[in-house]
Every structure is written in C-alpha cells, then in structure tokens.
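Letter by letter, the chains look like this.
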Amino acid sequence: MINTRLKPVTTGLIGAVGLGVALLGMPEGAKASNIQAGSDYFISPAGFSTFVFNTDELNAQLDLGLPPGLELPIALKGLPIGPGATDTIVERQRDAIFDTDDDGILDVATVTIPIEMVALSLINVAPVNIKGFQYNLLATLAPNTPTLGEMTITHQGQVGQPFDDSGTSQGTFTSFLDVHYQVEFTPINGGPAIGNFFDNLLLTQPGQGLAPAPWSHTPPPNALLVRSDGASQSANCHTLTGDCADDDFFPLSLVLHQKGSPGFPNGHGTIITVPEPSTVLGLIAVGLSSIVGFKGKKEQK
C-alpha cells in the first residue's frame, strides 16, 4: 500500500529507456543547436514499479482501521491511456536555446526549462486485499494541483565552438517533478467503497551518485513517434514524415537508482537498458516509482 512517505522499492526515472545505443543517425552536417518544446511518452512495465503503502497514513486519511505501523509493497503497472501503450506523459514547455544568435556556435552549454507531468495511469499488478475484500488501485494525477518541475539539459559541445551532433548522444539531462497524485480504490468482490487517497512526492532524475542521462536529437529504433507539422506541445517528432526535426529531443537510457530503501541497502545506483517490442514507445519509465526515500505531504481533496 502507498505511504505518504512513499518509498517505492524499485526506481526508474521520467527520463527513460532507449532501445539500445544504435541510433538512426543524424544527417551529415546537421547543426541541431537547440531543442524545441514538446512531450515525452512513457510506459511502466508490469512489476517494475513498487509502492510501499504505510497503514498509518492510509488510516489517517481514509479511516480504514488497518493494523498500525505496517509498510506493504504493492507492484504496479501502466494502464495505457495512449497513444499506444503510453501511461505517463511529460511536457517540455519551453525551447532549450543553446545557440542564442543562430550562427551555428554553441553560446550556452546548459539550459533549464519548465516541465509538467500532464498524464499518469498506473494500476496494481494483482488485486489488493483490504480487510478480507479485493480491490484494484488506480494512481492518476490529482485533479486540482499541477505536477510541475524542471529539466536541465546540457549540450556535449564546447562554448564558442561550432556544434557537432554526429555522435549517438548530443548531451545529458537531469530533471525533477513535484508529483501530486491520487489513488482510487475500486472494490472487486463486493467490498465497501473507499475514498481516494491523495499525496505528493518529489520525483527526481537521475539518482544519487549517478551520471545524468543521455539524450539525442534522433529517436531510438522502434520509438513511437507523435508527429506534428512544425511547433506542437504534444509532439515528440516535429515532422509529418521521414526523419524527425533536427531540434527534437529523445532520452536514450533508463537510469535506475537506489537510496537505501528496503531491498537496496547499499544505496548504489545501476544503469539498465531494457529492450521492448516495436509496438511500444521505445522509451520506458517507471511512473511514480522514480524516486526513493523522499517524504511526501498529504494533500486532502
């Protein structure tokens, strides 16, 4: 069950899983100096996210009468909302400008932009027993409080020098989100109705002691592309056909991190790349389980 201290056991970040390091390649000589605003689409595989619910917090908010002082892990998975199997969507809400005068020279190495999680849909892998009755648990964004944060993107080039975007990675990024969420309890076998559980947590990427995650202007193989003809907040590929735009943004790796939570006592981090079928996004995140050990605050609705 989820606690308002929310200590998910496994972690991954909003920053993502690439399907290998072999990219499609930038056109020779391309000078993708900037990154335009858009959205990133994620999938949470079954069992990859685990919430640890604290019975004291559940009792305080929902008056369930559960045994006090328990922390119970509940495995979650994405409940697709689309496109494709998407269950989580994060908007990058401003262009990242590295070439301030459009002369092909790197003027700024690091840019911070606002981001917002605009969709979330996670459900339990198996039914949850609450006082002898079975329930499904659906985690979505709280309706009245936006989930806002920032992404800091660094370009691999040197300030004052021409851009070189010929490699597989054009730089690195980190991000954080203050996630405001609700959990809806749906009885399966005639149990009593339970109100929604509200909470928030700090979702950060990358984990403690880990290098920032890489990004590219080129999508990984088999990535699900949401296309537009020119500027569009909802797109991750700003062309209608063919190669994506030279100033598009795609995370390239899933970074898992551990902060001494149960099952990960050493607190060390691991970088993992997870292959996925071509029917999914080519980018995978782990929803709300992207942070360990941060204390949330109750947000009664």
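Above this text sits the structure in question.
Bear in mind that the values here come from a model prediction, so they are computed numbers and not experimental data.

Rules and cut-offs
- Position labels on residues start from 1 in each chain and follow its written sequence.
- Two thresholds apply to this predicted model, a pLDDT of at least 70 for residue-level local features and 80 or more for giving and counting side-chain atom pairs, whereas whole-chain, interface and lining totals are computed over all residues.
- With hydrogens and water stripped out, all remaining heavy atoms of the structure feed into the side-chain values.
- Secondary structure counts use DSSP, requiring at least four H or I residues in a row for a helix and at least two E residues in a row for a strand, with both numbered from the N terminus.
- For the exposure calls, accessible area comes from a 1.4 Å probe over protein chains only, and a residue counts as buried if that area is under 20% of its type's maximum, exposed if over 50%, partly exposed in between.
- Here a residue-residue contact requires only that any non-hydrogen atoms of the pair lie within 4.5 Å.
- Areas reported here follow the Shrake-Rupley algorithm with a probe of radius 1.4 Å; residue values treat only the protein chains shown as occluding.
- Two strands qualify as a pair provided DSSP detects at least 2 bridges between them.
- When a carboxyl oxygen of Asp or Glu is within 4 Å of a side-chain nitrogen of Lys or Arg, the pair counts as a salt bridge.
- Definition used in this section: a nonpolar core is a set of buried Ala, Val, Leu, Ile, Met, Phe, Trp, Tyr and Cys residues joined via side-chain atoms within 4.5 Å.
- Between N or O atoms, a polar contact is any pair within 3.5 Å; within protein, one atom must be a potential hydrogen donor and the other a potential acceptor, and residues adjacent in sequence are included only when both atoms are from side chains.

Participant: Whenever I open this one, the overall build of the protein chain confuses me. Can you help?
Facilitator: Along the protein chain, the regular secondary structure elements total one helix and 15 strands. Sorting the 301 residues of the protein chain into buried and exposed places 52% on the buried side. The long-range fraction of contacts in the protein chain, counting pairs at least 24 apart against all pairs at least 6 apart in sequence, stands at 77%. Total accessible area computed for the protein chain in this model is approximately 12200 Å², and 55% of it derives from carbon and sulfur atoms.

Participant: Explain the pairing of strand β9 (residues 147-155) here, please?
Facilitator: Two faces make up the sheet, and in a regular strand the side chains alternate between them. In β9, alternate side chains face the same way, and those of Thr147, Gly149, Met151, Ile153 and His155 are buried while those of Leu148, Glu150, Thr152 and Thr154 on the opposite face are not. Judged from the eight bridges that link them, strand β5 (residues 110-120) and β9 form a sheet pairing that is antiparallel. Pairing of Ile113 across the sheet is with Met151, part of β9. In this sheet, strand β10 (residues 171-187) lies alongside β9 in antiparallel orientation, the contact comprising eight bridges. Within β10, the position partnered with Met151 by the bridge is Ser175.

Participant: Just to check I follow, could you spell out the pattern of salt bridges for this structure?
Facilitator: A side chain with one charge can pair with a side chain of the opposite charge if their charged atoms come near. Applying the stated rule across the entire model yields one salt bridge. Here Arg92 makes a salt bridge to Asp40, at a shortest N to O gap of 3.1 Å. Within this pair, whereas Arg92 is found in strand β4 (residues 88-92), its partner Asp40 is found in strand β1 (residues 38-42), the two being separated by 52 residues in sequence. You can call Asp40 buried: its relative accessible area is 3%.

Participant: Explain the pairing of strand β8 (residues 133-141) to me, please; I cannot follow it from the model alone.
Facilitator: Here strand β6 (residues 122-124) pairs with β8 via two bridges, running antiparallel. Looking at β8, one finds that Ile123 is bridged to Leu138. In this sheet, β8 lies alongside strand β7 (residues 128-130) in antiparallel orientation, the contact comprising three bridges. When the sheet's bridge partners are listed, Val128 is paired in β8 with Tyr135. Two successive antiparallel strands, β7 and β8, enclose a turn made up of two residues, where Lys131 displays a positive phi of approximately 55°. Bridge analysis of β8 against β10 gives seven bridges, and the strand direction is antiparallel. Looking at the pairing, Ala139 lines up with Val183 of β10.

Participant: Help me out: how do you make sense of unusual backbone geometry in this one?
Facilitator: It is generally the case that most residues other than glycine have a negative phi and that most peptide bonds are trans. A cis amide bond links Gly82 with the next residue in sequence, Pro83, at an omega value of 0°. Here Pro83 shows up in the loop between β3 (71-78) and β4. Located in the positive-phi region is Asp102, a residue other than glycine, with phi close to 55°. Within the secondary structure layout, Asp102 lies in the loop between β4 and β5. We note that Lys131 has phi near 55°; this positive angle belongs to a residue other than glycine. Positionally, Lys131 belongs in the loop between β7 and β8. When its relative accessible area of 56% is taken as the criterion, Lys131 is described as exposed.

Participant: Any chance you could explain the nonpolar core here in plain terms?
Facilitator: The tendency in soluble globular proteins is for nonpolar side chains to be buried as a group. In this structure, Leu58, Phe98, Met117, Ile153, Val179 and Phe185 are the most contacted members of the largest nonpolar core, which totals 42 residues. Sort the elements by how many residues they give to this core and β10 lands first, with six residues. Ranked by size, the runner-up nonpolar core spans five residues in total, among them Tyr41, Ile89, Ala119 and Val226.

Participant: How do you make sense of the environment of His155 when you look at a structure like this?
Facilitator: Looking at the secondary structure, you find His155 in strand β9. Using a relative accessible area of 4% as the deciding quantity, one classes His155 as buried. In sequence terms His155 and Val111 are 44 residues apart; their C-alpha atoms lie 8.7 Å from each other. Of note is the side chain of His155, whose polar atom sits 3.1 Å from the backbone nitrogen of Gly157.

Participant: Any chance you could explain the side chain of Gln182 here in plain terms?
Facilitator: The topology assignment puts Gln182 in strand β10. The exposure class of Gln182 is buried, given its relative accessible area of 13%. In this structure, Gln182 is in contact with Leu138, Ala139, Thr140, Leu141, Ala142, Pro143, Asn196, Phe197 and Phe198, ignoring residues within four places of it in sequence.

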